[in-house]
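# Coordinates in review
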Amino acid sequence: MDKTSAGYPTPRKTNRRKVAAAAAAASAVEWYDYFIFGIAAALVLGGKFFPSSSPVAEVLSAFATFAVGFLARPVGGIIAGQLGDKRGRKPMLVLALTTMGLATTAIGLLPGYDRIGVAAPIALVALRVLQGLAVGAQWGGAMLMATEYAPEGKRGLYGSLVQMGVPIGVVTANVAFLVTGSVTDDAAFSSWGWRIPFAVGILVLLLAWYIHTRVEETPEFREAERELAEREGAARSPLRTILRHHLGTVLLAGGSFAVNTATFYIIITGVLDYTTRSLHMQRSSVLMVSLLVSLTQLVLIPGAAAVSDRVGRLPVYTAGAVGLFVWAVPMFLLIDTGSLWLLGVGTFVTSCFLSIMYGPQAALFAELFTAEMRYTGASLGYQFAAVAGGGLAPFMMVLLLEASGTSMAVSAYVMVLAVIALASIAVLHKRARVRREPAD
């Protein structure tokens, strides 16, 4: 390896590609495991684990359990961030993958309420918490493995490889349920077919083993570890440093991203429930639309990231947030028609704006913090957004629809989050400009 001007070794091109591929695969399988719960919550989990005389109550209970996973994500981010900034990115990524694989497989094997009574929903919530801890730990590890191995001028593009794990996870999760639904009738799907996608979670353990045995720690972490050891010894707390000196940055990062994660879960989970239960659209057709829309993100996310490597993260990021604000009302006007084609148009345009934000987001969050506290800081910002936006979004959507009787209430919810995002971005942009200006 050569030495860069920053002092840490420059990885070989083949090693960079191996690490980037491993990080992208880790992200994809982790998000697959996480998303199949959301799809199952919209389709079947309410009746299986929270039986009620009201279909709305069943769905709300299932979506509340879905949200519990998001509440656990910051805890996973804190634990993994602390250890990841002190012990390394790779061990935390391996631990996150192992936890997710075991929890997901256990959900697929869990008996329903009719078999074990109240123990069923309690166990489901506990396993969902483990999923939340795992994904909270995973994102920072995978993102840093990719961005800290990136060549100069391509951090956005390399970070987007991990971001692409989200649409890949959505596509594979939808495919899993489409295939399962095509080979089972409604009764069989409700009885045991929905469990099949969860059983795939055990394969995640193979990827965890590969990363543990074949992937090296990032050069930036090794250099930061050496410098900190020389300056102050091993005793340090990245979390304490973040909370004392950089909490504002964490909150701004989370505020800037909450609209993205909320809108994303609205279109892949909330809309699935809304279109099948309220608009009486076919489950398989709606899942196919979600799958096709997610495929377009595989092009849009790296494209937006590559543009951000040239023009900057914040201009691209801002364009996506503005788009989500403007499109919030037209999206639901199109969905409310009950037309499959117009559902596709509404969610596709939304997906474009989500991708424009999501592409540069990994590199943007990584660049907000120095290497010795980057895992903790970036993870907290991302997971704060997940709790404030994504975890509550499907639950809030059902509540708003029931309370108002109109989908425009959901549009207003998205628009409020978009305003918060734009205000947060404006402050981040001002801070970045002040740092660039020379002192008098």
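Look up a bit, the structure's there.
Right, let's walk through the structure included here. (Residues numbered from 1 in each chain as written. Predicted model: local features only at pLDDT ≥ 70, side-chain atom pairs only at ≥ 80, totals over all residues. Heavy atoms only, no water.)

## Some points on the overall build of the chain
What counts, and what does not: Runs of E in the DSSP output that reach at least two residues are strands. Runs of H or I that reach at least four are helices, and both are numbered from the N terminus. Throughout, exposure labels follow a simple rule: accessible area from a 1.4 Å probe, protein chains only, divided by the maximum for the residue type, with under 20% read as buried, over 50% as exposed, and the rest as partly exposed. Contact definition: two residues touch when any of their heavy atoms are within 4.5 Å. Neither His nor the chain ends contribute to the count of charged residues, in which Lys and Arg are positive and Asp and Glu negative. A charged residue contributes its charge at one atom only: NZ of Lys, CZ of Arg, CG of Asp or CD of Glu.
Looking only at helices and strands, the chain has 19 helices and two strands in total. Here the C-alpha coordinates of the chain stretch approximately 65 × 45 × 40 Å along the principal axes. Counting across all 440 residues of the chain, residues that qualify as buried make up 57%. Taking the contacts inside the chain whose residues are at least 6 apart along the sequence as the reference set, 85% of them involve residues at least 24 apart. Charge separation in the chain, taken as the distance between the mean sites of 34 positive and 26 negative side-chain charges, equals 4 Å.

## Examining the pattern of salt bridges
Two side chains carrying opposite charge are able to pair once their charged atoms lie near each other. What counts here: A side-chain nitrogen of Lys or Arg and a carboxyl oxygen of Asp or Glu constitute a salt bridge if their distance falls within 4 Å.
Applying the stated criterion across every chain, the model contains three salt bridges. In this structure, arginine 313 and aspartate 309 form a salt bridge, with 2.7 Å as the shortest nitrogen-oxygen distance. Classification of arginine 313 as buried rests on a relative accessible area of 12%. On the basis of relative accessibility, which here comes to 22%, the residue aspartate 309 falls in the partly exposed class. Among the salt bridges present, the one from glutamate 367 reaches arginine 313, with a minimum N-O distance of 2.9 Å. In this pair, glutamate 367 is assigned in helix H16 (residues 340-367) and arginine 313 in helix H15 (residues 313-335), connecting sequence segments 54 residues apart. Each of the salt bridges in this network shares a partner with another, and the network as a whole consists of Asp309, Arg313 and Glu367.

## Concerning a positive patch on the surface
Selection rule: The patches reported here contain residues having more than 30% relative accessible area and no salt bridge. Joining distances are 9 Å for like charges and 5 Å for nonpolar side chains (Val, Leu, Ile, Met, Phe, Trp, Tyr). With residues, only the protein chains shown are counted as cover, and all accessible areas are computed by Shrake-Rupley using a 1.4 Å probe.
Where like charges cluster on the molecular surface, the positive patch consists of Lys86, Arg87, Arg240 and Arg244. Within the residue set of the positive patch, elements represented by two or more residues are helix H2 (55-87) and helix H12 (238-245). Residue placement: arginine 244 occurs in helix H12.

## Concerning the packing of aromatic side chains
The following threshold applies: Geometry of aromatic contacts follows a simple scheme: Phe, Tyr and Trp rings, the Trp one being its six-membered ring, pair when their centres are within 6.5 Å, and the pair is stacked under 30 degrees between planes, edge-to-face over 60, tilted otherwise. In this scheme, the term charge over a ring applies when either NZ of a lysine or CZ of an arginine sits within 6 Å of the ring centre and within 35 degrees of the ring normal.
Per the counting criterion, the structure on display carries eight aromatic pairs. Seen from their ring centres, phenylalanine 49 and tryptophan 194 are 6.1 Å apart, and the 85° between their planes marks the pair as edge-to-face. Taken together, the residues phenylalanine 49 in helix H1 (residues 13-49) and tryptophan 194 in the loop between helix H8 (186-191) and helix H9 (196-199) connect sequence positions 145 residues apart. Tryptophan 194 shares its class with phenylalanine 49; the two are buried. Measuring from ring centre to ring centre gives 5.8 Å for tryptophan 194 and phenylalanine 198, while their planes differ by 85°; the resulting arrangement is edge-to-face. In this pair, the class of tryptophan 194 matches that of phenylalanine 198, namely buried. Members of the aromatic cluster, each reached through a chain of ring pairs, are Phe257, Tyr358, Phe365 and Tyr382. Note that arginine 283 overlies the ring of phenylalanine 189, its terminal NZ or CZ placed 4.4 Å from the centroid.

## A word on the environment of phenylalanine 353
Here phenylalanine 353 is to be found in helix H16. On the basis of relative accessible area, phenylalanine 353 is assigned to the partly exposed category, the value being 21%. The spacing of phenylalanine 353 and phenylalanine 325 is 28 residues in sequence and 9.7 Å in space, taken between C-alpha atoms. What phenylalanine 353 contacts, discounting residues up to four positions off in sequence, is Ala319, Gly320, Gly323, Leu324 and Trp327.

## Considerations on the packing of H2 against helix H13 (residues 247-278)
Quick reminder of the rule: Fitted lines through C-alpha atoms give the axes, limited to the stretch in contact for helices. The angle between two N-to-C directions lies from 0 to 180 degrees. Put simply, angles under 35 degrees are roughly parallel, angles over 145 are roughly antiparallel, angles from 65 to 115 are roughly perpendicular, and the rest are oblique. Each residue receives one of three labels: charged for Asp, Glu, Lys and Arg, nonpolar for Ala, Val, Leu, Ile, Met, Phe, Trp, Tyr, Cys and Pro, and polar for the others, Gly being one of them.
Two numbers describe how H2 lies on H13: the axes approach to 12 Å, and their chain directions differ by 175°. Comparing the axis directions of H2 and H13 gives the class roughly antiparallel. Within the contact between the two elements, H2 uses Val56, Val59, Phe63, Phe66, Phe70 and Arg73 and H13 uses Tyr265, Thr269, Asp273 and Arg277. Each residue belonging to the contact of H2 with H13 can be placed in one class, and the counts come to six nonpolar, one polar and three charged.

## What to know about the side chain of asparagine 174
Worth spelling out the cut-off: Pairs of N or O atoms within 3.5 Å make up the polar contacts considered here, provided that, within protein, one atom can donate a hydrogen while the other can accept it, and that residues adjacent in sequence are counted only when both atoms are side-chain atoms.
With respect to the helices and strands, asparagine 174 occurs in helix H7 (residues 165-183). Residue asparagine 174 is classed as buried on the basis of its relative accessible area, which comes to 2%. A polar side-chain atom of asparagine 174 sits 2.7 Å from the main-chain carbonyl oxygen of valine 170. Beyond its immediate stretch of four places on either side in the chain, asparagine 174 contacts Ile39, Leu287, Ser290 and Leu291.

## Side note on a nonpolar patch on the surface
Together, Leu102, Val200, Ile202, Leu203 and Leu206 give the surface a local cluster of nonpolar side chains, amounting to about 450 Å² of exposed area. Its location among the elements puts valine 200 in the loop between H9 and helix H10 (204-214). Given a relative accessible area of 36%, valine 200 falls into the partly exposed group.

## Here's the deal with the environment of proline 315
Mapped onto the secondary structure, proline 315 falls in helix H15. Taking C-alpha positions, proline 315 is 20 Å from alanine 385, a pair spaced 70 residues apart along the chain.

## Re the nonpolar core
Where we set the bar: Throughout this description, the term nonpolar core refers to a set of buried Ala, Val, Leu, Ile, Met, Phe, Trp, Tyr and Cys residues connected via side-chain atoms within 4.5 Å.
Membership of the largest hydrophobic core comes to 104 residues, with the highest contact counts inside it found for Phe35, Leu45, Phe177, Tyr265, Ile266 and Phe365. When residues of this core are assigned to their parent elements, the largest contribution, 14 residues, is made by H13. Here phenylalanine 177 is in contact with Ile36, Ile39, Ala40, Phe189, Trp194, Pro197, Phe198 and Leu287, once residues within four sequence places are set aside. In terms of nonpolar packing, the next biggest core, distinct from the first, is built from 17 residues, Ala146, Leu207, Ala208 and Ile211 among them.

## Digging into unusual backbone geometry
Even without being a glycine, histidine 280 presents a positive backbone phi close to 60°. You can see histidine 280 is positioned in the loop between H13 and helix H14 (283-311). Under the relative-accessibility criterion, histidine 280 is labelled exposed at 64%.

## Some remarks on the packing of helix H6 (residues 155-163) against H16
For the record, the criterion: The crossing is said to be left-handed when, going from far helix to near helix, the turn is anticlockwise and less than a right angle, and right-handed when the turn is clockwise.
Where H6 meets H16, the axes come as close as 7 Å, and the angle between the chain directions of the two elements is 115°. By the angle class used here, H6 and H16 are roughly perpendicular. Between H6 and H16 lies a crossing of right-handed hand. Taken together, the residues of H16 that come into contact with H6 (itself represented by Arg155, Gly156, Gly159, Ser160 and Gln163) are Tyr358, Gly359, Gln361, Ala362, Ala363 and Glu367. The residue inventory of the contact of H6 with H16, partitioned by class, reads three nonpolar, six polar and two charged.

Geometry only, nothing functional implied.
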